[in-house]
Amino acid sequence: MAKPISIEVWNPSGKYRVVSTKSMPGTRWIRLLTDNDCRLEICTETKTILSVDDILALIGDHCHGVIGQLTEDWGEVLFSALKRAGGTAFSNMAVGYNNVDVDAANRNGIAIGNTPGVLTETTAELAASLSVAAARRIVEADQFMRAGLYDGWLPHLFVGNLLKGQTVGVIGAGRIGSAYARMMIEGFKMNLIYFDLYQSTRLEKFVTAYGQFLKANGEPPVTWKRASSMEEVLREADVISLHPVLDKTTYHLINPERLAMMKKEAVLVNASRGPVIDEVALVEHLKANPMFRVGLDVFEDEPYMKPGLAEMKNAVVVPHIASASKWTREGMATLAALNVLGKIKGYPVWGNPNAVEPFLDENATPPPACPSIVNSKQLGLPSSKL
Ligand SMILES: NC(=O)c1ccc[n+]([C@@H]2O[C@H](COP(=O)([O-])OP(=O)(O)OC[C@H]3O[C@@H](n4cnc5c(N)ncnc54)[C@H](O)[C@@H]3O)[C@@H](O)[C@H]2O)c1
Ligand SMILES: O=C(O)[C@H](O)CO
């Protein structure tokens, strides 16, 4: 018998039982579910990361769909339990779904939702902030100031790196990588080198057009280059930001050999997933190269940092907050709820997961569709014609 777990219940007489493993920002997502005949149960356990057993207890023997979090391990055990409970839908409240075994979901006929688009600019803004904070040593300088060590302006005090005219390197130029690139190029007039499995034509056109604008105004134009290898980016860029998905091809993409290829004074930023960097190797590299700096939003073994990282002055570290703006987090909750609701109601899947704005308009009824289901093809789900 599973142990009891504390929950808050909304609309107890609702026909469809939907579970959210966490409380999420905003109330629109709650309203959308309860107005559509869902009995919503929100887990109110105070511990941050729920175990598989905790989630099994939440699913119980009757559950139509679950909204979960990236900290949870969604594999065969949970998907088969959800299927036995009559469920067909799960949504991560995140765009990344490396915590989900999609094959296991497919075997159990469970649709997997995620929340792209609503967090693109928000996440890119944090990556840009980490780039500036690391390049200009903002956190070190702040700590120095608070420690009462400032006794007057000095020519050498906290000298960092100028971004203007330098090269920004992006690995993974998808939604977030491209938005980050545009911010750094337009904001700091940096040149771009990027590596992705696919060509980012829109990004290239943007840099070309901005370069022409600068030239017409008597300034040196910015340039772009699509690298033929990741190594080319690592060798040439002054600031490198990582934005790929986490999978077998990107696990420990930054390893000792690749760290050694980077400029001694480079800035490396990671707001994708922690395991993209070999964090032990990174700590060694930071120790050996005090002018090399990093800005990290994500860590290999969250919530932990590898030994030594916390002591490194050349590292700026924040706790996985890249999507943490009120509007964004409320939007993520809405998209996750609509993914689950849409599947329960038998709605088709929205045609373009990069254009989810119609679901986010507070003053309109959302379209009758699931905003983003990553395994819709495998499950043969219909596509929305809207
Ligand atoms: N830190 C955070 O809070 C936060 C917030 C949002 C997203 N993320 C992470 O960022 C990731 C990217 O999100 P997105 O919306 O931009 O996704 P996206 O799918 O638009 O972009 C990912 C890009 O990575 C590229 N890619 C895949 N494998 C690669 C490889 N081996 N080498 C180079 N490029 C490769 C893809 O071609 C794609 O263009 C998410 O999967 C998630 O893990 C983190
Ligand atoms: O993948 C995601 O969406 C993030 O890590 C949380 O916003």
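Residues numbered from 1 in each chain as written. Chains lettered and ligands numbered in written order. Predicted model: local features only at pLDDT ≥ 70, side-chain atom pairs only at ≥ 80, totals over all residues. Heavy atoms only, no water.

Cut-off, in case you're wondering: UniProt positions are given in the numbering used here, feature names are shortened, and annotations may be inferred rather than shown by experiment.
The chain goes by glycerate dehydrogenase in an unreviewed UniProt entry, where it is assigned to Lolium multiflorum. UniProt's Sequence similarities (unreviewed entry) comment on the chain is quoted here verbatim: "Belongs to the D-isomer specific 2-hydroxyacid dehydrogenase family." Under the Catalytic activity (unreviewed entry) heading, UniProt states for the chain: "(R)-glycerate + NAD(+) = 3-hydroxypyruvate + NADH + H(+)".

**With respect to the overall build of the chain**
Short version of the rule: Helix numbers and strand numbers start at the N terminus; a helix is a DSSP run of H or I with at least 4 residues, a strand a run of E with at least 2. What the globule rule says is 2.2 Å times the number of residues to the power 0.38, and the radius of gyration is computed from C-alpha atoms. Accessible area is worked out with a 1.4 Å probe on protein chains only. A residue is then buried under 20% of its type maximum, exposed over 50%, and partly exposed in between.
A count of helical and extended segments in the chain gives 14 helices and 13 strands. For 386 residues, the compact-globule estimate of 2.2 N^0.38 gives 21 Å, and the C-alpha radius of gyration of the chain, at 23 Å, lies within 12% of that figure. Overall, the C-alpha framework of the chain stretches about 70 × 45 × 35 Å when taken along its three principal axes. A buried classification covers 54% of the 386 residues belonging to the chain.

**So, the sheet that holds strand β1 (residues 7–10)**
Applied cut-off: A pair of strands is considered paired only if DSSP assigns at least 2 bridges between the two. For helices, the fitted axis covers only the stretch in contact; all axes are lines through C-alpha atoms, and the angles between them, taken along N-to-C directions, range from 0 to 180 degrees. In what follows, a contact means two residues having at least one pair of non-hydrogen atoms within 4.5 Å.
Spatially, the six strands line up as an open sheet ordered β1-β3-β2-β4-β5-β6, and their pairing is mixed. Whereas interior strands pair on both sides, the edge strands pair on one side only; in this sheet they are β1 and β6 (111–113). If you compare each strand with its neighbour and ignore which way they point, the axes differ by 20 degrees on average. Relative to strand β3 (residues 38–43), β1 is paired through four bridges, and the arrangement is antiparallel. Counted as the bridge partner of Val-9 is Glu-41 from β3. Packed on one face of the sheet, helix α2 (residues 52–59) meets β1, β2 (16–20), β3 and β4 (65–68) and runs near 155 degrees to β2. Packing against the sheet, helix α12 (residues 326–345) makes contact with β2, β3, β4, β5 (89–92) and β6, and its axis sits at approximately 165 degrees to β5.

**Topic: the nonpolar core**
Here is the rule: Among the buried residues, those of types Ala, Val, Leu, Ile, Met, Phe, Trp, Tyr and Cys that are joined through side-chain atoms within 4.5 Å form a nonpolar core.
Of all hydrophobic cores here, the largest spans 63 residues; its most connected members are Trp-29, Leu-33, Ile-67, Tyr-180, Ile-185 and Leu-192. The dominant element in this core, judged by the number of residues it contributes, is α12, at nine residues. For Ile-67, the contacting residues outside a window of four places in its chain are Val-19, Ser-20, Thr-21, Met-24, Trp-29, Leu-33, Phe-90, Ser-91, Ala-336, Ala-337 and Val-340. Listed in part, the 30 residues of the second largest apolar core include Val-233, Ile-254, Leu-259 and Phe-292.

**Digging into the site of ligand 1**
Rule in force here: Throughout, near means a residue has at least one heavy atom within 4 Å of the molecule or strand. Pairs of N or O atoms within 3.5 Å make up the polar contacts considered here, provided that, within protein, one atom can donate a hydrogen while the other can accept it, and that residues adjacent in sequence are counted only when both atoms are side-chain atoms. Surface accessibility in these figures is a Shrake-Rupley result with a 1.4 Å probe; residues are shielded only by whichever protein chains are displayed. Under the scheme applied, nonpolar residues are Ala, Val, Leu, Ile, Met, Phe, Trp, Tyr, Cys and Pro; charged residues are Asp, Glu, Lys and Arg; polar residues are all the others, including Gly.
Near ligand 1, the surroundings consist of 26 residues, among which Arg-175, Ile-176, Asp-196, Thr-249 and Asp-297 are the closest. Taking Arg-175, its main chain carries an N or O atom lying 2.9 Å from an oxygen atom of ligand 1. For ligand 1, a nitrogen atom lies 3.1 Å from a polar atom in the side chain of Thr-249. The protein chains hide 89% of the 870 Å² of surface that ligand 1 would expose on its own. Looking at the shell around ligand 1, its residues break down into 12 nonpolar, 10 polar and four charged.

**Let's talk about the site of ligand 2**
Around ligand 2, the structure places Leu-70, Ala-94, Val-95, Gly-96, Leu-119, Arg-273, His-320, Ser-323 and Met-332. At a separation of 2.8 Å, an oxygen atom of ligand 2 approaches a polar backbone atom of Val-95. Classifying every residue of the shell around ligand 2 gives five nonpolar, three polar and one charged.

**Some words on the side chain of Ser-20**
Turning to its location among the elements, Ser-20 is positioned in strand β2. Among the polar contacts listed, one links the side chain of Ser-20 to the backbone oxygen of Lys-22, at a separation of 2.6 Å. The contacts of Ser-20, once residues within four sequence positions are left out, are Trp-29, Leu-40, Glu-41, Ile-42, Cys-43 and Ile-67.

**Structural notes on the sheet that holds strand β8 (residues 191–195)**
The seven strands are arranged β9-β8-β7-β10-β11-β12-β13 in an open sheet whose pairing can be described as parallel. Each edge of the open sheet is held by one strand with a lone partner, namely β9 (224–226) and β13 (315–317). On average, adjacent strands in this sheet sit at an angle of 15 degrees to one another, irrespective of strand direction. Pairing analysis gives four bridges linking strand β11 (residues 267–270) to strand β12 (residues 293–296), with the strands arranged parallel. Opposite Val-269, over in β12, you have Gly-295 as the bridge partner.

**Points about the environment of Gly-331**
Tracing the backbone shows Gly-331 in helix α12. Classification of Gly-331 as buried rests on a relative accessible area of 5%. For the pair Gly-331 and Phe-359, spaced 28 residues apart in sequence, the C-alpha separation works out to 8.5 Å. The contacts of Gly-331, once residues within four sequence positions are left out, are Val-118 and Leu-360.

**Some thoughts on the environment of Trp-350**
Here Trp-350 shows up in the loop between α12 and α13 (357–360). Since its relative accessible area comes to 13%, Trp-350 is described here as buried. In the structure, Trp-350 is positioned 257 residues away from Met-93 in sequence and 17 Å away in space, judged by C-alpha atoms. Residues contacting Trp-350, with those up to four places away along its chain left out, are Ala-355, Val-356, Pro-358, Phe-359, Pro-367, Ala-369, Cys-370, Pro-371, Ser-384 and Leu-386. At a separation of 2.8 Å, a polar atom in the side chain of Trp-350 contacts the main-chain carbonyl oxygen of Ala-355.

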